[in-house]
Each structure stands twice: as C-alpha cells, then as structure tokens.
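Here's the letter readout for the chains.
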Amino acid sequence: MKNILEIKTVSDYLALRKQEALHPLVAIVDFTQVKETAKTIKGYDALHFECYAVFLKDAKGCKLKYGGKSYDYNEGTLVFVGPNQTVELGSYEPGYVPKGYAILFHPDLLLGTELAHSIDAYTFFSYAVKEALHISAKERRIMLSLIEKIQFELNQTIDKHSKKLIVANLELFLDYSMRFYDRQFLTREIAHRGSLEQFDSLLNAYFKSEKPQKDGLPSVGYFAEELHLSTNYFGDLVKKETGKSAQEYIQLKLIDVAKTKVFDPDKSISEIAYELGFKHPQHFSRLFKQRVGLSPNTFRNLN
C-alpha cells in the first residue's frame, strides 16, 4: 500500500468528510449529511486509525479489503476499528452512495471512566473486516436510538454531565454489539463448526510434522492465520463453541500427544519435550504435571 491516510484524531476524519467538530474527542457522522465531494476517498489505498471507529452501513455496493480479498460491506453491517488498525479501501459499484453512520471516539475520551478499564473486553475492535457484525432491522433500531442519544449530547453545550452521558451510551452501544455478536456466533454455528474441524485437523497435522522442532509450540495466531481469521475472532469462536480458550484447547491437544509419546521407552523426557516444541524440558514437565496431575516420569512408570 502506497498511500495511507493517517486518522490520528476524530477531527482528521471529520475534515475528510467535511463535517463540523462538535466535540474534540467524539463524533457522529451521518453520511446523508456528507457533501457529495466528500463521500468518496480518492487518492488513498487505506486509512490508518489511531482512534476507535464504528461504521453502521445502510447501503449496498461498498467493498473493503482484508488479506488481499474484497468483502462486501453491505446494508445492515457494523464494522469496528480499533486504534493502530489499517483498513484497506476496496472498490465501489457504479452509482454507490454512502448511507449510514460513523461513530468515532478517541481513547482520551475514556480516561477516568470505567469503560477505560473494560474497553479491551470488546474484542471485536480487533476483528477483521470480513468478520463484521450483521444486524437485523430490530437490532438496527436499537443501535440508531443510541446513536441519536449520543448526537443529542453532542448538540448540547458541554457541561459536567456531557462526558458521563456520552460514555454511558457508548458503553451501552458496545454491550449491545457484544450481545448481537453472540447471536451471530450461534446463527453461524454450522460454519463455525467447520472451522473447528479444520482447527483440529491443523492441530493434528502440526504435531505430526517437524514444525514443533523448527518453529516451536503452536500459537493461537498461527491457527487463526491458517483459517484466515483474526486472532481475537478465532479465540472468541473457540471459546463460545468449546467453553475453553484457544490456548487451553491447544494445550489439551498437546498433552494428549505427549501422553502417547511418554510411553516410548526409547526416548527420554527431554527428547519428547524438544519434539513437542519446548525449548526447555522443565517447562514441558511443569505443564504436564499441571494438566495430568503427575510428572511425565511418574506417569510413564505407573502405566
């Protein structure tokens, strides 16, 4: 990507869309109010954000890119972008007119609030564009009501209540988004089950190959990349489908493989540890005892 536009502040995005700033740290953009000349972003391949952004799209025909592929960014879609994320711009269908809303808020808005401590729990800010939230008409009405409340506060003279009320509605917006993502995980259960089956196959293949000796222990990020998912989305998917974190799931598989290997009397515990990807055998022994309740040697002798 050659031309990346830096969105360092809320005002930077408002300037791009030729909108007035009502508050230095938070803004709502109604695309029906954006001038025709500011509706498309020409001359840039991507936008790099240093603030939080949420886009609620009400129009079809816009595409964004992730991993070299284009994804429809269509009607009834919510896309979340966190600080230090880059969104590649895709193509637009002929006659495309942006509709919907954008919510932007700077991390500094959250300073001194409870949301500052809990914002990392909203892991969808690190999801990829293709993992956008698709909402129903009923859900959309709820989200629009919260956008209206935030806009109402922005239209008032700033007073001692402004920040508390704006942040409270932002938090409610994010909480509803979390609920709707949970619903989306459930409604896409079959597709997600396919991803878990692929995850299991990849796990088995990893431990049967020479990758552990070459690359070390498998990471959550490795499998997420193999499945073309963001790390956070993949982790949340595994958690919702299995009740275990992706890291725990990997460790349980590793222990199953380790139990089989421990029965080979021709290999020392250290050799087995290195085969599994551990740099230090004592780390393997510690994990094995935590999971099995016995050291590798004791487990071998008892069986």
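Residues numbered from 1 in each chain as written. Predicted model: local features only at pLDDT ≥ 70, side-chain atom pairs only at ≥ 80, totals over all residues. Heavy atoms only, no water.

Draft legend 1. Inspection of the pairing of strand S3 (residues 46-49) at higher detail. Alternating positions in S3 separate into two faces, Ala-46 and His-48 on one and Leu-47 and Phe-49 on the other, with burial throughout. Relative to S3, strand S1 (residues 4-7) runs parallel, the two being bridged by 4 bridges. Note on S3: the bridge partner recorded for Ile-4 is Ala-46. (Buried < 20%, exposed > 50% of the residue type's maximum accessible area, 1.4 Å probe, protein only. Helix = DSSP H or I, 4+ residues; strand = E, 2+ residues; numbered from the N terminus. Pairing = 2+ DSSP bridges.)

Draft legend 2. Representation of the packing of aromatic side chains. Applying the stated rule across the entire model yields 24 aromatic pairs. Relative to Phe-299, the ring of Phe-288 has its centre 5.5 Å away and its plane inclined at 70°; by these criteria the two rings are edge-to-face. Of this pair, Phe-288 sits in helix H11 (residues 281-292) while Phe-299 is found in helix H12 (residues 296-302), placing the two residues 11 residues apart along the sequence. Phe-299 shares its class with Phe-288; the two are buried. An aromatic cluster of three or more residues is present, and its members are Tyr-52, Phe-80, Phe-105, Tyr-122, Phe-124, Phe-125 and Tyr-181. Over the ring of Phe-31 we find Lys-57, and its NZ or CZ is 4.8 Å from the ring centre. (Phe/Tyr/Trp six-rings, centres within 6.5 Å; stacked < 30°, edge-to-face > 60°. Lys NZ or Arg CZ within 6 Å of the ring centre and 35° of its normal.)

Draft legend 3. Structural context of the nonpolar core. If you look at the biggest cluster of nonpolar residues, it comprises 64 residues, and the most contacted ones within it are Phe-80, Phe-125, Phe-173, Phe-199 and Phe-234. When residues no more than four places from it in sequence are discounted, the contact partners of Phe-80 are Ala-53, Val-54, Gln-85, Phe-124, Phe-125, Tyr-127, Leu-133, Phe-173, Leu-174, Ser-177 and Tyr-181. (Core = buried A, V, L, I, M, F, W, Y, C linked by side-chain atoms within 4.5 Å. Contact = heavy atoms within 4.5 Å.)

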